[in-house]
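Observations on the three-dimensional arrangement
Single-letter residue listing:
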Amino acid sequence: MDDKKKVLSCIQPSGMLTLGNYLGALKNWLNMQDEFQCTYAVADLHAITVRQDPQKFKGQIYSTFALLLALGIDPEKSTLFIQSHLPEHTALSWALSSVTQFGELSRMTQFKAKSALHADNINVGLFSYPVLMAADILLYQPDFVPVGADQKQHLEIARDIAMRFNRIYGEVFKIPEPYIPKIGARVMSLQDPEKKMSKSDDNINSFVAILDDRDTIIRKFKRAVTDSESSVRLSEDKPGVSNLINIYSAVTGKTAAKVEKEFEGKGYGEFKLAVGEAVADELAPIKERYEKIIADKAELERIFRAGDERAERVARKTYFKAMKKMGFVL
Ligand code: ATP
Ligand code: LTN
């Protein structure tokens, strides 16, 4: 068990998880469980960088955790926990902030995008978000971090922070590699295919939630924005259709060339229906398992407490090692 390479990743409980989260990250989380020693968390501390309603937020934390279980994350095989339950994350984040430059955080595209989206609440947490993410990662000394393409920049800063810390204070952190899927790393909005699919999008037709029912999924694909041609072809000037081809490829395992061939001479209507049905088939069993899991809060709580404890043992060790190297009196 110990000779397995390590994996760490987190997801924010900031709303309904989407097909983008699933294809970009969660599918890999699931597939990596046997080959790697995996640690996964619900990153609730990250979610408050955008204003959350406390009552709704609590429900979202439970439902995100339950959804991970419904997907097939096995709490016996993998460590599954809630970020805010471990004080080491925020504590290490503070220590790491002293080896992070204002300039490098200012360049983060997510910070720029979210600042534009929430111009009335550009808080310090939104700015220092990547430092907390670096702490999440570095505490567990992972080899790989499975994420979607949008998180690549944050992974790079986590690597830079780790290298800088090691150089200044001595070797503590392993330098992690991003693990990004070949297909599905950047699922685009169904309503504006130039934008990434996002669970915090105000237009619910722009994303497919993992827990949407079959009819809703098919309807959202039918309404997906495409173009005025009718050929199913992967091309930079056809972002809507290309996005649908990628989604269909990611779900069915067929190459884009095969998908193009399958729909040669057929219209967009038929193609959209096929994509909707394939996605609905893939997501249906997850929804079914989710309904059972979310109904038993006591069991959920038992699972995350056990996960918290397992994670804490690892996090504590790295945290104290880092503090000792920095010269703190322990
Ligand atoms: P928001 O959309 O509200 O900004 P988010 O979904 O980007 O949030 P997370 O919930 O933390 O943020 O993302 C979890 C994982 O899903 C990350 O690894 C992220 O890269 C991936 N992911 C998110 N959106 C997409 C997408 N459209 N395509 C592929 N992967 C995605
Ligand atoms: N910022 C990430 C969520 C996240 C994360 C992490 C991902 C928080 N901590 C550690 C990987 C590793 C996002 O996907 N928006």
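These numbers were taken from a predicted model, which means no experiment stands behind them.

Here's the deal with the overall build of the protein
Counting its regular elements, the protein contains 13 helices and 5 strands. The principal-axis extents of the C-alpha atoms in the protein amount to approximately 70 × 45 × 40 Å. Across the 330 residues of the protein, 52% fall into the buried class. Counting contacts in the protein only where the partners sit at least 6 residues apart, residues at least 24 apart contribute 75% of the total. A total of about 15,800 Å² of accessible surface is found on the protein, and carbon and sulfur atoms cover 52% of it. The protein carries 46 positive and 44 negative side-chain charges, and their two centres are separated by 3 Å.

Details of the pattern of salt bridges
By the definition in use, this model includes 18 salt bridges. Between glutamate 229 and arginine 233 there is a salt bridge whose closest N-O contact spans 3.2 Å. In this structure arginine 233 comes out as partly exposed when scored by relative accessible area, which is 36%. Here the residues in one salt-bridge network are Asp227, Glu229, Arg233 and Lys238, joined through shared partners.

What about the pairing of strand β2 (residues 37-42)?
For β2, a buried count of 5 out of 6 residues is recorded, marking the element as mostly surrounded by other parts of the structure. When strand β1 (residues 6-11) meets β2, the two strands line up parallel, connected through 6 bridges. Bridge pairing in β2 links valine 7 to cysteine 38. For the crossover that starts at β1, traverses helix α1 (residues 19-31) and ends in the parallel β2, the hand is right-handed.

What about a nonpolar patch on the surface?
On the surface, Phe320, Phe328 and Leu330 cluster together to form a nonpolar patch covering roughly 300 Å² of accessible area. The topology assignment puts phenylalanine 328 in the segment after α13 (297-325). Taking relative accessible area as the criterion, phenylalanine 328 reaches 45% and is therefore assigned partly exposed.

Regarding the site of ligand 2
In the neighbourhood of ligand 2, 13 residues make up the surrounding shell, with Gln12, Tyr129, Met133, Asp136 and Gln151 lying closest. A distance of 3.2 Å separates a nitrogen atom of ligand 2 from a polar atom in the side chain of glutamine 12. In this structure, aspartate 136 approaches ligand 2 through a side-chain N or O atom, which is 2.6 Å from a nitrogen atom. Summarising the interface, the protein chains cover 91% of the accessible area of ligand 2, which totals 360 Å² for the free molecule. Elements with a minimum of two residues in the shell around ligand 2: β1 and α7 (124-138). In terms of residue count, α7 provides more of the shell around ligand 2 than any other element does, 4 residues in total. Along the lines of polarity and charge, the residues of the shell around ligand 2 split into 8 nonpolar, 4 polar and 1 charged.

Topic: a positive patch on the surface
A cluster of basic side chains, namely Lys317, Lys321, Lys324 and Lys325, defines a positive patch on the protein surface. Topologically, lysine 317 is positioned in helix α13.

Describing the site of ligand 1
Taken together, 21 residues sit near ligand 1, with Asp150, Lys196, Ser198, Lys199 and Ser200 positioned nearest. Here an oxygen atom of ligand 1 sits 3.3 Å away from a polar atom, N or O, in the side chain of glutamine 12. Serine 200 places a polar side-chain atom, nitrogen or oxygen, 2.7 Å from an oxygen atom of ligand 1. Here ligand 1, which alone exposes 600 Å², has 95% of that area covered by the protein. With 4 residues, the single largest contributor to the shell around ligand 1 is α1. Each residue belonging to the shell around ligand 1 can be placed in one class, and the counts come to 6 nonpolar, 10 polar and 5 charged.

Re the packing of aromatic side chains
Under the criterion given, the structure shown has 14 aromatic pairs. Considering the side-chain rings of phenylalanine 102 and phenylalanine 127, the 4.9 Å spacing of their centres and the 40° angle between planes classify their relative orientation as tilted. Residue phenylalanine 102 is located in helix α5 (residues 102-106), and its partner phenylalanine 127 is located in helix α7; the two are separated by 25 residues in the primary sequence. Its relative accessible area of 16% is what places phenylalanine 127 among the buried residues. Following the ring pairs from residue to residue traces out a cluster consisting of Phe36, Phe144 and Tyr179. Positioned above the aromatic ring of phenylalanine 207 is the side chain of lysine 220, whose terminal nitrogen or guanidinium carbon lies 5.1 Å from the ring centre.

A look at the environment of proline 193
Note on placement: proline 193 falls in the loop between β5 (177-179) and α9 (214-222). A sequence separation of 50 residues divides proline 193 from asparagine 243, and the C-alpha atoms of the two residues are 7.1 Å apart. Every residue in contact with proline 193, bar those within four places of it in the chain, is listed here: Met188, Val225, Pro239 and Gly240.

What counts as what
- Residues numbered from 1 in each chain as written.
- Chains lettered and ligands numbered in written order.
- Predicted model: local features only at pLDDT ≥ 70, side-chain atom pairs only at ≥ 80, totals over all residues.
- Heavy atoms only, no water.
- Helix = DSSP H or I, 4+ residues; strand = E, 2+ residues; numbered from the N terminus.
- Buried < 20%, exposed > 50% of the residue type's maximum accessible area, 1.4 Å probe, protein only.
- Contact = heavy atoms within 4.5 Å.
- Areas by Shrake-Rupley, 256 points an atom, 1.4 Å probe, with all protein chains shown as cover.
- Lys, Arg positive; Asp, Glu negative; His and termini not counted.
- Charge placed at Lys NZ, Arg CZ, Asp CG, Glu CD.
- Salt bridge = Lys/Arg side-chain N within 4 Å of Asp/Glu carboxyl O.
- Pairing = 2+ DSSP bridges.
- Right-handed = clockwise from strand over helix to strand, strands pointing away.
- Patch = residues over 30% accessible without salt bridge, like charges linked within 9 Å, V, L, I, M, F, W, Y side chains within 5 Å.
- Near = heavy atom within 4 Å.
- Polar contact = N/O pair within 3.5 Å; in protein donor to acceptor, adjacent residues only side chain to side chain.
- Nonpolar A, V, L, I, M, F, W, Y, C, P; charged D, E, K, R; others polar.
- Phe/Tyr/Trp six-rings, centres within 6.5 Å; stacked < 30°, edge-to-face > 60°.
- Lys NZ or Arg CZ within 6 Å of the ring centre and 35° of its normal.

These figures capture arrangement, not role.
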